Amino acid sequence: MNGLKKFSVLFVLLAVFCSLSFCEAAKKRVAVMPLENVSGYTEQKVAEIMTQQLITAIHGSGNYTVVERFQMDAVLKEQGFQNIAADPEKAVETGKLSGADYMLMGKVTMAEFVNNPVGDLISKFVKLADNFAHGVKCKIKFEFRMVDSATGEVVVASTVEGSKSGKSKVEAFDDACKDAAENFLRELQKVNPLVARIVDVSGSDIYIDKGSNDGLREGEMLSIFRESDAIIVDGKIVGMKRNELGKAKVVEVNAEYSVCKVAGSISVQKGDVVKRT
């Protein structure tokens, strides 16, 4: 019996390990190259901090895994690559050598601070405002492109901005980088769109058939659609017309399903489609 129990435990552990490995294998791997700093701002390590925020955001999205920094450093050192961002062909080669599906490259083009008038006003007229006022505002902008390592195709390219206020330059800068990273994720969703179905409705709560395994995160806003007529091309149904009904916010995420809260008093039903906004 003891032997049987041990076998059962090992079997369960193996099943869990295989399941986790499958989930990880299903996710695309991204190699994040260090950003260049061409903003002219040198007071802080602009490129390094923004690069780390991007890595954190990609990890947190649940849609991708990120090639470890030491792996990338080893590949770059072995190949003798210096400014890889300036050579797309080398980016493709590096992506293949590192096992990445995508290479992410870019540069910080702006990092500047401006006074926050509201924070200044509070600082002048409210007692003890120094503990609460956000008198410094930071704006940061960076350009990026994501390259398919297999084909060399640029799958998404854009300019992203972030802007936040803080009590100090350090706080404002860090928060602006985080804001830019969140905006970057929205651009990244164009590469990995999410489409799910409503499988159950309970009042203003809807249950959809996608969860953390699909990269869904609590707090995301989704658009709800109802399909109507078929789209026919050359006698074949290639899609369905969709009419937008409204929005829903993800309030609970499980591995294979999620719960969303419908915004407003719209009428939804099982079978309706939800997509990332």
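Residues numbered from 1 in each chain as written. Predicted model: local features only at pLDDT ≥ 70, side-chain atom pairs only at ≥ 80, totals over all residues. Heavy atoms only, no water.

Under the counting rule described, the total for this entry stands at nine salt bridges. With a closest N to O distance of 3.7 Å, Lys 169 and Glu 43 form a salt bridge. Taken together, the positions of Lys 169 in helix H6 (residues 169-188) and Glu 43 in the loop between strand S2 (36-37) and helix H2 (46-61) put the pair 126 residues apart, joining distant regions of the chain. The partly exposed category is assigned to Lys 169, whose relative accessible area is 36%. (Salt bridge = Lys/Arg side-chain N within 4 Å of Asp/Glu carboxyl O. Helix = DSSP H or I, 4+ residues; strand = E, 2+ residues; numbered from the N terminus. Buried < 20%, exposed > 50% of the residue type's maximum accessible area, 1.4 Å probe, protein only.)

It is worth spelling out the confidence of the model for the chain at this point. Mean pLDDT over the chain: 80, with 78% of residues reaching 70 or higher. Contacts from residues 5-25, a stretch scored under 50 in pLDDT, to residues over four places away or in other chains number two contacts. Ignoring residues within four places in sequence, the model shows residues 118-133, a span with pLDDT below 50, making 13 contacts including any to other chains. (pLDDT = per-residue confidence, 0-100. Contact = heavy atoms within 4.5 Å.)

Of all hydrophobic cores here, the largest spans 34 residues; its most connected members are Met 50, Ile 58, Leu 104, Ile 140, Phe 142 and Phe 184. Within the residue set of this core, elements represented by two or more residues are strand S1 (28-32), H2, strand S3 (64-66), strand S4 (102-115), strand S5 (136-148), strand S6 (154-166) and H6. It is H6 that provides the largest number of residues to this core, a total of nine residues. Excluding residues that lie within four positions of it along the chain, Phe 184 makes contacts with Leu 54, Ile 58, Leu 104, Phe 142, Phe 144 and Val 160. (Core = buried A, V, L, I, M, F, W, Y, C linked by side-chain atoms within 4.5 Å.)

Along the chain, Asp 205 falls in strand S8 (residues 205-208). A distance of 2.8 Å separates polar atoms of two side chains, one belonging to Asp 205 and the other to Lys 261. Residue contacts for Asp 205: discarding those within four places in its chain leaves Asp 200, Val 259, Cys 260 and Lys 261. (Polar contact = N/O pair within 3.5 Å; in protein donor to acceptor, adjacent residues only side chain to side chain.)

So, on to the sheet that holds S8. Taken in spatial order, the six strands of this closed barrel run S7-S8-S11-S10-S9-S12, and their pairing is antiparallel. Adjacent strand axes in the sheet meet at a mean angle of 50 degrees, parallel and antiparallel pairs treated alike. Direction of pairing for S8 relative to strand S11 (residues 258-262): antiparallel, over a ladder of four bridges. The residue bridging Ile 206 from the neighbouring strand is Cys 260, located in S11. (Pairing = 2+ DSSP bridges. Axes fitted to C-alpha atoms, helices over the stretch in contact; angles between N-to-C directions.)

Moving on: the pairing of strand S12 (residues 273-276). Sheet topology places strand S7 (residues 195-202) next to S12; three bridges connect them, and they run antiparallel. When the sheet's bridge partners are listed, Arg 197 is paired in S12 with Val 273.

Glancing now at the packing of aromatic side chains. One pair of aromatic rings is described through two measures. These are the centre distance and the angle between the planes. The tally for this structure, following the rule as stated, stands at six aromatic pairs. On the basis of an interplanar angle of 35 degrees and a centroid distance of 6.4 Å, the ring pair of Tyr 41 and Phe 173 is categorised as tilted. Of the two residues, Tyr 41 sits in the loop between S2 and H2 while Phe 173 sits in helix H6, which places them 132 residues apart along the sequence. Across the pair, exposure class does not vary: Tyr 41 and Phe 173 are buried alike. Ring geometry for Phe 144 against Phe 184: centres 4.9 Å apart, planes inclined by 80 degrees, an arrangement best described as edge-to-face. With a gap of 40 residues between them, Phe 144 in strand S5 and Phe 184 in helix H6 connect regions that are remote in the sequence. (Phe/Tyr/Trp six-rings, centres within 6.5 Å; stacked < 30°, edge-to-face > 60°.)

Bringing unusual backbone geometry into the picture now. You will see that Asp 234, though not glycine, has its phi angle at about 55 degrees, which is positive. Relative to the elements of secondary structure, Asp 234 occurs in the loop between strand S9 (221-233) and strand S10 (236-253). The class for Asp 234 is exposed, based on a relative accessible area of 77%.

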